[in-house]
Amino acid sequence: MQTKARNERIRNIAIIAHVDHGKTTLVDAMFRQSGVYREGQAVNERVMDNMDLERERGITIAAKNCAIEWKGVKINIIDTPGHADFGGEVERALSMADGAILLVDASEGPLPQTRFVLNKALESGLTIIVVINKIDRPDARTKEVLDEISDLLIDLDAKDDQLDFPLLYANGREGIAQRTLEEPGENIHVLLDTILEEIPAPSYEPGEPFQILVSDLSYSDYLGRMAIGKVYNGEAQANDSLVCLNSEGDQIPLKITKLQVYKGPKLVSVDKALTGDIIVLAGIDNVHIGDTICTKTAPRALKRISVDEPTVYMQFFQNTSPFAGTEGKLVQSSKLKARLEKETLLNVSMRLEINSGQEGFIVKGRGEFQLVILIETMRREGFEMCVGRPEVIYRQVNGKKQEPIEHLFVDCQDSFMGIVTEKLSRRKGKMLSLVNHENGRVRIEFSIPARSLIGYRDEFLTDTKGTGIMNSLFAGYEDYRGDFPIRFTGSLVSDRKGTAVPYALFNLEPRGNLFINAGDPVYEGMIIGEHNRENDLNVNPCKTKKLSNMRASGKDDAVVLTPIVPMTLEHSIQFIRDDELVEVTPKSIRLRKKVLTANERKILDKYSK
């Protein structure tokens, strides 16, 4: 067997961190101190979070690449999402890396989403560098966090060399890294030096023909579809004629029109790609994530990227409300289907199915948050659609019904422990452990069905007065744990089309919580509020006050309505029942019944009993 060689001029490294542990800020510091920006150049903070949704929510959603130069070595940095719902992004990103930086908050320690990505990195055999960040926090507890990291690695069956990890301390916001807590840090050079010393250079087999595994896809209005991946063997040049090996083993001929590599956060054109580098090929049409691009003379497929199966699905429908087409420019079912197909091509963890026997499409994903991000992205692109409630994907094993189970981590004040435990027990949750930090807060772990968490997050924040932290991790499938009530309240449903009137809404307030303001347009079948009782109630939000020629003191006082809490997309899809939909447009989020007219709903109700 031929001995593998290494390209010492390149390092490929992924950054693993939980949401808000300072990953993107640390990358900013690496850019500034490695010479990516000229002195005095004006740059945005969190330059890697280039999607609007990422900047608004302060999270990384899509895995992205960038590169810096340090002491003559090119370091390709892969920014991985910190949320398990974007696991498909994680697996794609790690397929290009030879090592990883595990970034952990000095106060919070390793949290559940860190565990998910770290487990994938350890399974891939990546070398780990541990960086404890935010050491300037007044509540930093670095020694305890270091013990927690060691325990986590042992728990994840890390190998001996992975347990003997290099350790650094950092303050990413100030651009400082240091080997010990005692020595004062001046810059981030020690981190860059550690990457060169500890992370292995990409390996390859000398003399082997060109091979690249497609780990990501992109699109440019000027260059068309682009394939992104790591060069495993050989070299490629622009205008080379190559073939793509798809999942069926078919050879699809293609020609590279442009060859690009990363320099800082941007792409630059090159004539030749080196072994081990992460490259972007333009002029690619029929290529999917996981395909191998190689030479015609020696076509040989690399191992495809494998991802965990989806656990949640949602139904997407064309918008059929009376207001369809008034707020969005993309309303046709064919446009909706094409956009969802494009998403499944770019995101390996998503699946699209045609809803057999019914209208609409079924989109399967890792979690409700991943699907919410897709819906929010589409509405910003101008789409109108209706979506159903998230449902978990069940399995049948040996004739038994099985459901996805989550490992839930709850951190809250000890005074809220009772209400949290009671509600999770009602939702078929089982307590696994309870740790009292003796600082007024407790950490509780539960094993709970994934369906139990749909709609619970908002309730949890209310119960803990906004101070609770809840994270979950997919723990596999178990036997179905039984039914439990999802919602104890009904809906207030408009019985006509028109405009909401203050007088009518004021008289409806005792019936429940309203979702609309005076002056909002409504239609028959639109849900305008939550009923206090279990049943749905058809109401008239357009009713005006009957006028007479008699006057009495106090009768003409101005109506003062209770301010409403606007329904967010997440709250809406968690609130609706099986016979309800969320209407999503670029300007509005409305709730509605699947069947709009009251008479048709009565007939369906009669036949369903």
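Residues numbered from 1 in each chain as written. Predicted model: local features only at pLDDT ≥ 70, side-chain atom pairs only at ≥ 80, totals over all residues. Heavy atoms only, no water.

In this structure, what is going on with a negative patch on the surface? I would like to understand it.
On the surface, Asp 160, Asp 161, Asp 164 and Glu 198 cluster together into a patch of negative charge. In this fold, Asp 160 is placed in helix α6 (residues 160-163). By relative accessible area, Asp 160 is classed as exposed at 67%. (Patch = residues over 30% accessible without salt bridge, like charges linked within 9 Å, V, L, I, M, F, W, Y side chains within 5 Å. Areas by Shrake-Rupley, 256 points an atom, 1.4 Å probe, with all protein chains shown as cover. Salt bridge = Lys/Arg side-chain N within 4 Å of Asp/Glu carboxyl O. Lys, Arg positive; Asp, Glu negative; His and termini not counted. Charge placed at Lys NZ, Arg CZ, Asp CG, Glu CD. Helix = DSSP H or I, 4+ residues; strand = E, 2+ residues; numbered from the N terminus. Buried < 20%, exposed > 50% of the residue type's maximum accessible area, 1.4 Å probe, protein only.)

Sorry, what's going on with the side chain of Glu 580 here?
With respect to the element layout, Glu 580 can be found in strand β36 (residues 580-584). Overall, the relative accessible area of 0% leaves Glu 580 in the buried class. Here Ser 491 takes part through its side chain, which lies 2.8 Å from a polar atom of the side chain of Glu 580. The residues touching Glu 580, leaving out its near neighbours within four places in the chain, are Gly 388, Arg 487, Ser 491, Ile 527, Asp 536, Arg 592, Lys 593 and Lys 594. (Polar contact = N/O pair within 3.5 Å; in protein donor to acceptor, adjacent residues only side chain to side chain. Contact = heavy atoms within 4.5 Å.)

Help me understand the packing of aromatic side chains, please; the structure alone is not making it clear to me.
The geometry of two aromatic rings is summed up by the distance between their centres and the angle between their planes. The final tally for this structure, using the stated rule, is four aromatic pairs. Centre to centre, the rings of Phe 323 and Tyr 523 are 5.1 Å apart; their planes meet at 85°, and the pair counts as edge-to-face. In this pair, Phe 323 sits in the loop between β20 (312-317) and α8 (333-346) while Tyr 523 sits in the loop between β33 (521-522) and β34 (526-531), placing the two residues 200 residues apart along the sequence. You can call Phe 323 buried: its relative accessible area is 11%. According to the relative accessible area criterion, Tyr 523 is buried, its value standing at 0%. Aromatic pair Phe 515 and Phe 575: ring centres 5.3 Å apart, planes at 85°, arrangement edge-to-face. In this pair, Phe 515 sits in the loop between β32 (512-514) and β33 while Phe 575 sits in helix α14 (residues 569-575), placing the two residues 60 residues apart along the sequence. For the pair Phe 515 and Phe 575, a shared accessibility class is recorded, and that class is buried. The ring of Tyr 394 carries the charged tip of Lys 401 above its face, separated from the ring centre by 4.3 Å. We note Lys 401 situated over the ring of Tyr 480; from NZ or CZ to the ring centre the distance is 4.3 Å. (Phe/Tyr/Trp six-rings, centres within 6.5 Å; stacked < 30°, edge-to-face > 60°. Lys NZ or Arg CZ within 6 Å of the ring centre and 35° of its normal.)

I would appreciate a short explanation of the packing of helix α1 (residues 23-33) against helix α7 (residues 189-198) in the present structure.
In a pair of packed helices, the angle between the axes and the distance between the axes together describe the arrangement. It is at 10 Å that the axes of α1 and α7 come closest, and there the two elements cross at 90°. Judged by the inter-axis angle, α1 sits roughly perpendicular to α7. Together, Leu 26, Met 30 and Gln 33 of α1 and His 189, Leu 191, Leu 192 and Ile 195 of α7 make up the contact between the two elements. The residue makeup of the contact of α1 with α7, split by class, is five nonpolar, two polar and no charged. (Axes fitted to C-alpha atoms, helices over the stretch in contact; angles between N-to-C directions. Parallel < 35°, antiparallel > 145°, perpendicular 65-115°, else oblique. Nonpolar A, V, L, I, M, F, W, Y, C, P; charged D, E, K, R; others polar.)

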